[in-house]
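Secondary and tertiary structure notes
Read off the chains here:
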Amino acid sequence: QVQLVESGGGLVQPGGSLRLSCAASGFTFSTYAMSWVRQAPGRGLAWISDINRGGGYTRYTDSVKGRFTISRDNAKNTLYLQMNRLKPEDTAVYYCAKGVTGKTLGETIATTDFDSWGQGTQVTVSS
């Protein structure tokens, strides 16, 4: 059974930082690209970042580029998202997802676009 468990969310002030983690199990983590997806209040699922199997190639949607960093530690079966200079508009539920989609980063996606999902972790950016 594939398991993806996000952690690290919480309440942070604008300009602050958070580091999200996604612990993976039930599959060979190192053989899959991984992604982060978020859902802001009243919005759909937005694909914001992905990373290749070895971690050497990363992509970001424009709204987070330069502020967020996706990374992975295959020895620990863990995916990370370092979020810096957070803005209120970053408020969302953040999900890690197994695999990639042919859609465009930043585009609204469906749950079926990825193989598996975590339960999500809430990030709230507010003063």
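Scroll up to find the structure this text is about.
In this text, all values refer to a predicted model and were calculated from it rather than measured experimentally. (Residues numbered from 1 in each chain as written. Predicted model: local features only at pLDDT ≥ 70, side-chain atom pairs only at ≥ 80, totals over all residues. Heavy atoms only, no water.)

**Quick word on the packing of aromatic side chains**
On inspection of all chains with the given rule, the structure shows five aromatic pairs. Measuring from centroid to centroid gives 5.6 Å for Phe 27 and Tyr 32, while their planes differ by 85 degrees, and the two rings are edge-to-face. Judged by its relative accessible area of 15%, Phe 27 falls in the buried class. Accessibility expressed as a relative area gives 30% for Tyr 32, which makes it partly exposed. With a centroid separation of 5.5 Å and an interplanar angle of 85 degrees, the aromatic rings of Phe 114 and Trp 117 are classed as edge-to-face. Accessibility expressed as a relative area gives 4% for Phe 114, which makes it buried. The positively charged end of Arg 72 is found above the aromatic ring belonging to Phe 29, 4.3 Å away from the centroid. The ring centre of Tyr 32 lies 3.7 Å from the NZ or CZ of Lys 98, which sits over that ring. (Phe/Tyr/Trp six-rings, centres within 6.5 Å; stacked < 30°, edge-to-face > 60°. Buried < 20%, exposed > 50% of the residue type's maximum accessible area, 1.4 Å probe, protein only. Lys NZ or Arg CZ within 6 Å of the ring centre and 35° of its normal.)

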